[in-house]
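# Fold and contact review
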Amino acid sequence: MVVSGLSVIAVTYGLTRYGFGLYLPQFRSDLRLSSRVAGGIAASSYLAYCVAAVLGLRLVGRGHARRALWVSGLSAAAGSLLVAAAWTAPVLAIGALVAGSGAGAASPALVAAVAGTVPPSGEARAQAVVNSGTGAGIVVGGLLVLAWPGEWRPAWVGFAGSALVLTWWADRCTSWRSPTHDRRVSSAIRPRHLVRALTAGLLAGAGAAAVWTFGREVSIGGGLSPQATGLLWCVLGAAGLLGGLSGTLVRTAGLSTAWTLSAGAAAAGTALLGWRPGSVVVAAVALLLFGWGFVALSGVLIAWGSRVTPGAAAQATALLFVSLTVGQAAGAVLLGALIDALGTATAFLTAAGLVTVAAAAAPRGRRTVVRVPAYRAPRG
């Protein structure tokens, strides 16, 4: 279940959601996009993610986590096919919107799937590993760009097929919870208890939009070749896989320290990339820091929500990831405008400042983390 869940996250997050930033140089060349338009398209994709996440939250709360998983896979597939067929910027925008929405329903569905399938002793670690699938997808995307740098249409057709196959696999590997249980725990969530976490996620997302949307384009603009930036994207993804250790970090260092370290690493990576985007060494270090930091902080958000609302982990995850994504939507628009008006360095330093403020909003309280949930659905 963990491997199949990681694979679903890889295709819905690493490819169909963040693939827009990976292929942005080709999109701009073939479809004549400005930074402002590119930022607007990215923002629309992020907002569609939020709508899908709310839908996924409602489905999970009503005992339909399996249905939420399929909403995720079908959205990612349909949007990817539309991107592959795009001939104008508006069509690309619609495709990116639908494709990016797939990840929104994936997170709550897979949190519920892990909780209903993995033994309690390994559940926290399993949640973090599944969440790190973003890194695996980014590595695959980077390798595709290295092998076929200009072939973005066939790549997005492949994303669509992968989304369907991997969703089916995850469904087959999961022991789904009973609807009665999910309705009961959905009432346990109290959004007011998550205000600090929601604010931190919003700020971190706004700053992270710099690398996810404009990182590869900025490096090419700084003088790096498309092949070099494709390899650097693989570095970003590999570092993201290490973010799967966030569960261990939370358990050993505590929730507050884990959040500060992960958000701080993402901020440092963003600042470094804005400072020297044309240096292979600096860009590699920057993407290592950012890749680990961002995936780790998203894993820490899962643990944070689980501690505050231990009976409603899937619902808390959906809310926190919505805040992260609303921040990314706002950040994509703001930073696209800043790049056009004031340049790359100013925009990326602004982004790094936002993530730094998020790092300072570390959770308060005990070092321990409550595992989620206590209930186990019957098997068979």
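Residues numbered from 1 in each chain as written. Predicted model: local features only at pLDDT ≥ 70, side-chain atom pairs only at ≥ 80, totals over all residues. Heavy atoms only, no water.

## Remarks on the nonpolar core
Going by this rule: Here, nonpolar core refers to any group of buried Ala, Val, Leu, Ile, Met, Phe, Trp, Tyr and Cys residues whose side-chain atoms link them within 4.5 Å. Throughout, exposure labels follow a simple rule: accessible area from a 1.4 Å probe, protein chains only, divided by the maximum for the residue type, with under 20% read as buried, over 50% as exposed, and the rest as partly exposed. Helix numbers and strand numbers start at the N terminus; a helix is a DSSP run of H or I with at least 4 residues, a strand a run of E with at least 2. Note on contacts: a residue pair is in contact if any heavy atoms of the two residues lie within 4.5 Å.
Grouped together as the largest cluster of nonpolar side chains are 112 residues, with contacts concentrated most on Tyr 23, Phe 27, Leu 92, Trp 156, Trp 212 and Trp 259. When residues in this core are grouped by element, the largest group, 12 residues, is from helix H6 (residues 89-117). The residues touching Trp 259, leaving out its near neighbours within four places in the chain, are Ala 200, Ala 204, Gly 264, Leu 297, Val 300, Leu 301, Trp 304, Ala 358, Ala 359, Ala 361, Ala 362 and Pro 363.

## Considering the confidence of the model for the protein
Going by this rule: Per-residue confidence from the predictor is reported as pLDDT, a score between 0 and 100.
Per-residue confidence for the protein gives a mean pLDDT of 85; residues scoring 70 or more make up 91%. Note that pLDDT drops below 50 for residues 366-380; the model gives that stretch 42 contacts with residues more than four away or on any other chain.

## Topic: H6
Since the α-helix turns once every 3.6 residues, residues separated by three or four places project in the same direction. Just so we agree on the cut-off: Multiplying 1.5 Å by the residue count of a helix minus one yields the expected span of that helix. The angle separating two fitted axes, one through the seven residues that finish at a residue and one through the seven that start at it, defines the bend at that residue.
Helix length check: H6 (29 residues) gives 42 Å between terminal C-alpha atoms against 42 Å at 1.5 Å per residue, within 8%. Ala 106 marks the point of greatest bend in H6, at about 30 degrees, and the proline Pro 108 comes within the next four residues. Along H6, 24 of the 29 residues are buried, which leaves the element largely enclosed by surrounding structure.

## With respect to the pattern of salt bridges
Which entries qualify depends on this criterion: Salt bridges are identified by distance alone: a Lys or Arg side-chain nitrogen within 4 Å of an Asp or Glu carboxyl oxygen.
With the rule as written, the count across this model stands at 2 salt bridges. Ionic pairing is found between Asp 171 and Arg 66, a salt bridge with its closest N-O pair at 2.8 Å. Residue Asp 171 is located in helix H9 (residues 152-173), and its partner Arg 66 is located in helix H5 (residues 65-85); the two are separated by 105 residues in the primary sequence. For Asp 171, a relative accessible area of 9% gives the class buried.

## Considering the packing of helix H1 (residues 2-15) against helix H8 (residues 133-147)
The axes of two packed helices give the description: the angle between them and the distance between them. This is how it is decided: To obtain an axis, a line is fitted to C-alpha atoms, over the contacting stretch when the element is a helix, and the angle between two such axes runs from 0 to 180 degrees between their N-to-C directions. Angular relationships are summarised with four words: roughly parallel below 35 degrees, roughly antiparallel beyond 145, roughly perpendicular across 65 to 115, and oblique for the angles in between. For any pair of crossing helices, the crossing counts as left-handed if the nearer helix is rotated counterclockwise from the farther one by less than a right angle, and right-handed if it is rotated clockwise.
Running from N to C, H1 and H8 point in directions that differ by 60 degrees, and their axes come no closer than 7 Å. Considering their axes alone, H1 and H8 lie oblique with respect to each other. Considering how the two elements wind past one another, H1 and H8 form a crossing that is right-handed. Note on element contacts: H8 touches H1 through Gly 133, Thr 134, Ala 136, Gly 137, Ile 138, Val 140 and Gly 141, opposite Leu 6, Ile 9, Ala 10, Tyr 13, Gly 14 and Leu 15.

## Overview of H8
Over its 15 residues, H8 runs 21 Å from end to end, which matches the ideal 21 Å to within 8%, given 1.5 Å per residue. The buried fraction of H8 is high, at 11 of 15 residues. Turning to H8, its buried residues are Gly 133, Thr 134, Gly 135, Ala 136, Gly 137, Ile 138, Val 139, Gly 141, Gly 142, Leu 144 and Val 145.

## A few points about the packing of aromatic side chains
Two aromatic rings are characterised by how far apart their centres lie and by the angle between their planes. Our working definition: Two rings from Phe, Tyr or Trp (for Trp, the six-membered ring) form a pair when their centres are within 6.5 Å of each other. A pair whose planes differ by under 30 degrees is stacked, one over 60 is edge-to-face, and the rest are tilted.
For the coordinates displayed, the defined rule picks out 15 aromatic pairs. For the ring pair Tyr 13 and Tyr 49, a centre distance of 5.9 Å and an interplane angle of 70 degrees mean the geometry is edge-to-face. Remark: Tyr 49 occurs in helix H4 (residues 35-61) and Tyr 13 occurs in helix H1; sequence separation between them is 36 residues. Among the residues examined, Tyr 13 registers a relative accessible area of 5% and is labelled buried. Between Tyr 23 and Trp 156, the ring centres sit 6.4 Å apart and the planes meet at 65 degrees, which makes this aromatic pair edge-to-face.

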